Amino acid sequence: MVTLTPLEAELLEVAGSVLDPELPVLTLRELGVLRAVHVRDADAVEVDLTPTYTGCPAVEAMSLDIERALHAHGVREVTVRTVLSPAWSTDDISAEGRRKLREFGIAPPRVRTTAEPVGITLGPTRTLPPKPTATATATATATANGTATGTVTGTGAYAATGAGANASMDTGGDTGADTGGALEPIRCPHCGSADTELLSRFSSTACKALRRCLACREPFDHFKEL
């Protein structure tokens, strides 16, 4: 267990109060991405920050906001370090953070009861259609004045291939079936119903999916488990 000095605990609260730029209802501490604050000397601090996924575009904004908050608190030198191990997981979101997400209209990620791999379901395989086939016939007729008239007819069509190419992408991979039922159903944050369906695997950000409640008919975002 890491023991914090009183100053580190104070600065951790300051940095942790910074709001997430993509989910401004959550602080970085509630999101679970703020790992630690280390005081290196009297006015130099190093902050450990773990992105929700590698290449997250919000990391730069988070880092700048942390620097501004600590500078305003009297820290002269602030270094924000990106730490990739241990990796962030949606299990790192605090109970308070989950409550705030739900109140904001976003279904929070479900909590896994056991440490196990996260199952995924691949969409249907899509294949390119074959080249169009065409047939054509031509006829010509000569007239007495030397002119000719003719007609050309043809047919062409693309044949669709790939069984299930238009199949629904909601194959149960996000309902708990992929982990043996270990995950509870995704509940609507508006009415609490578990009768929901997937509309799109991606919503306003890559970490959220778009769903619709079949009880109250309201669409909502779901913070996907990771």
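How each quantity is defined
- Residues numbered from 1 in each chain as written.
- Predicted model: local features only at pLDDT ≥ 70, side-chain atom pairs only at ≥ 80, totals over all residues.
- Heavy atoms only, no water.
- Helix = DSSP H or I, 4+ residues; strand = E, 2+ residues; numbered from the N terminus.
- Contact = heavy atoms within 4.5 Å.
- Areas by Shrake-Rupley, 256 points an atom, 1.4 Å probe, with all protein chains shown as cover.
- Core = buried A, V, L, I, M, F, W, Y, C linked by side-chain atoms within 4.5 Å.
- Buried < 20%, exposed > 50% of the residue type's maximum accessible area, 1.4 Å probe, protein only.
- Axes fitted to C-alpha atoms, helices over the stretch in contact; angles between N-to-C directions.
- Parallel < 35°, antiparallel > 145°, perpendicular 65-115°, else oblique.
- Left-handed = near helix turned anticlockwise from the far one by under 90°.
- Nonpolar A, V, L, I, M, F, W, Y, C, P; charged D, E, K, R; others polar.
- Pairing = 2+ DSSP bridges.
- Right-handed = clockwise from strand over helix to strand, strands pointing away.
- Disulfide = S-S within 2.5 Å.

Visitor: Please give an account of the overall build of the protein that cites residues and values.
Guide: Within the protein, the regular secondary structure consists of four helices and nine strands. When the helices and strands of the protein are listed from N to C terminus, the series reads α-α-β-β-α-β-α-β-β-β-β-β-β. Residue pairs at least 24 apart in sequence account for 53% of intrachain contacts in the protein once pairs closer than 6 positions are excluded. Surface accessibility of the protein: about 13,400 Å² in total, with carbon and sulfur atoms responsible for 57%.

Visitor: Report on the nonpolar core, specifying residues and quantitative values.
Guide: If you look at the biggest cluster of nonpolar residues, it comprises 30 residues, and the most contacted ones within it are Leu31, Val47, Ile66, Leu70 and Phe223. Once residues within four sequence positions are removed from consideration, phenylalanine 223 is found in contact with Leu23, Leu31, Trp88, Thr90, Ile93, Leu101, Ile106, Ala107, Pro108, Pro109, Cys207 and Lys208. Within the second largest apolar cluster, five residues are counted, among which are Ala107, Ile186, Cys188 and Cys213.

Visitor: How would you sum up the packing of helix H1 (residues 6-16) against helix H3 (residues 59-72)? Please name residues and give values.
Guide: For any two helices packed against each other, one specifies the inter-axial angle together with the distance between the axes. For the pair H1 and H3, the least separation of the axes is 9 Å and the interaxial angle reads 130 degrees. With respect to H3, the element H1 is oriented oblique. The element H1 and its partner H3 pack so that their crossing is right-handed. Of the residues in H3, those in contact with Leu11, Val14 and Ala15 of H1 are Ile66, Ala69 and Leu70. Looking at side-chain class alone, the contact of H1 with H3 contains six nonpolar, no polar and no charged residues.

Visitor: Please give an account of the pairing of strand S2 (residues 44-49) that cites residues and values.
Guide: Burial analysis of S2 places six of its six residues in the buried class, the great majority of the element. Residues Ala44, Glu46 and Asp48 of S2 are buried on one face, and the alternating residues Val45, Val47 and Leu49, pointing to the opposite face, are buried as well. Counted along the chain from strand S1 (residues 34-41) to the antiparallel partner S2, the turn is two residues long. By the bridge criterion, six bridges tie S2 to strand S3 (residues 77-82) in an arrangement that is parallel. In the strand pairing of S3, alanine 44 is matched with glutamate 77. In this fold, S2 hands off to H3, which returns the chain to S3; that crossover is right-handed.

Visitor: How would you summarise the pairing of strand S8 (residues 208-213) if you had to cite specific residues and measurements?
Guide: Two strands pair when backbone bridges link them, and strand S7 (residues 196-200) and S8 are joined in this way by four bridges, in the antiparallel orientation. Residue pairing across strands places serine 200 opposite leucine 210, the latter belonging to S8. Relative to strand S9 (residues 219-223), S8 runs antiparallel, the two sharing five bridges. Bridging across to S9, arginine 211 finds its partner in phenylalanine 220. Counting the residues that bridge the hairpin from S8 to S9 gives five residues, and of these arginine 217 lies at a positive phi of roughly 70 degrees.

Visitor: Let's hear about the sheet that holds S3: which residues, and what values?
Guide: The sheet built from three strands is open, its strands ordered S1-S2-S3 with mixed pairing. Each of the sheet's edge strands pairs with one partner strand only, and the pair in question is S1 and S3. Across the sheet, the mean angle from the axis of one strand to that of its neighbour is 20 degrees, orientation sign disregarded. Against the sheet, H1 makes contact with S1 and S2, and its axis sits at roughly 135 degrees relative to S1, the strand it touches most. Of the strands in this sheet, S1, S2 and S3 touch H3, which is tilted by about 155 degrees from S3.

Visitor: Pulling in residues and values, what's your account of the state of the cysteines?
Guide: Applying the stated criterion to the full structure yields zero disulfides. In this structure cysteine 56 is not part of a disulfide, and its nearest cysteine sulfur, from cysteine 207, lies 7.6 Å away.

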